[in-house]
Amino acid sequence: SGARFLNLFMNGGIQFGSRSNKLDDYEEGTWTATINYNTTSGTAATLSQSGGSYTKIGRVVTAHAEIDVSNTNSGSGPVFVGGLPFTVADIISPTGVEAGGVISFYTGFSSAVNSLNVFAENGTTSMIITGNTSGTQTASSTIEAAHMGTGEIRLSITYFAS
């Protein structure tokens, strides 16, 4: 009780009780997000910039990205952000929505768009952008290609990897 570490260097991981509770998986890296419309393999947007980083501790993945769309390429339908570094696990049955994240910055969207978020679907490496698309809307809906246009987003999401 009351003990803490400033720097802890270990070889072999940390074990909590049984062998199955061993913390021995840590990874950091980068990933490149994609934007597709209507489906995860639908019309691809042209991106002028896409960069991201992630940290994975055990099965928990936290990913961040910054994405700039320079051309929608006449895409239509919902906006899918793809390329997550690990497949999203199915942990919240019976829904397909397994994790939620935030869009902390966006610009270039339709003027009525606000309160943007992302959610990840199980068994995929992609997210869908949701938000309000009018000043009178009381619940989030899927953001469409026409709402996003040539916008820029910065997002973060935490999810369990399968």
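The structure under discussion appears in the preceding block.
As the structure is a computational prediction, the values presented were derived from the model and not from experiment.

(A) A look at the environment of asparagine 73. Note on placement: asparagine 73 falls in the loop between β7 (60–71) and β8 (79–82). Overall, asparagine 73 belongs to the partly exposed group, its relative accessible area being 32%. As a C-alpha pair, asparagine 73 and tyrosine 37 span 36 residues in sequence and 9.7 Å in three-dimensional space. Look past the residues within four positions of asparagine 73 in its chain and what remains in contact with it is Thr43, Ala44, Ala45 and Thr46. Separated by 2.8 Å, the side chain of asparagine 73 and the backbone oxygen of alanine 44 make a polar contact.

(B) Broad picture of a nonpolar patch on the surface. The grouping of Val60, Ile91, Ile92 and Phe160 at the surface amounts to a nonpolar patch, some 300 Å² of accessible area in total. Looking at the element boundaries, isoleucine 91 is found in the loop between β8 and β9 (97–107).

(C) Just the packing of aromatic side chains, in detail. One pass over the structure, following the stated rule, counts two aromatic pairs. Relative to phenylalanine 86, the ring of tyrosine 54 lies with its centre 5.4 Å away and its plane at 85°, an arrangement referred to as edge-to-face. Within this pair, whereas tyrosine 54 is found in strand β6 (residues 46–57), its partner phenylalanine 86 is found in the loop between β8 and β9, the two being separated by 32 residues in sequence. Taking 5.5 Å as the distance between ring centres and 70° as the angle between the ring planes, the aromatic pair formed by tyrosine 106 and phenylalanine 109 counts as edge-to-face.

About the thresholds
- Residues numbered from 1 in each chain as written.
- Predicted model: local features only at pLDDT ≥ 70, side-chain atom pairs only at ≥ 80, totals over all residues.
- Heavy atoms only, no water.
- Helix = DSSP H or I, 4+ residues; strand = E, 2+ residues; numbered from the N terminus.
- Buried < 20%, exposed > 50% of the residue type's maximum accessible area, 1.4 Å probe, protein only.
- Contact = heavy atoms within 4.5 Å.
- Polar contact = N/O pair within 3.5 Å; in protein donor to acceptor, adjacent residues only side chain to side chain.
- Patch = residues over 30% accessible without salt bridge, like charges linked within 9 Å, V, L, I, M, F, W, Y side chains within 5 Å.
- Areas by Shrake-Rupley, 256 points an atom, 1.4 Å probe, with all protein chains shown as cover.
- Salt bridge = Lys/Arg side-chain N within 4 Å of Asp/Glu carboxyl O.
- Phe/Tyr/Trp six-rings, centres within 6.5 Å; stacked < 30°, edge-to-face > 60°.

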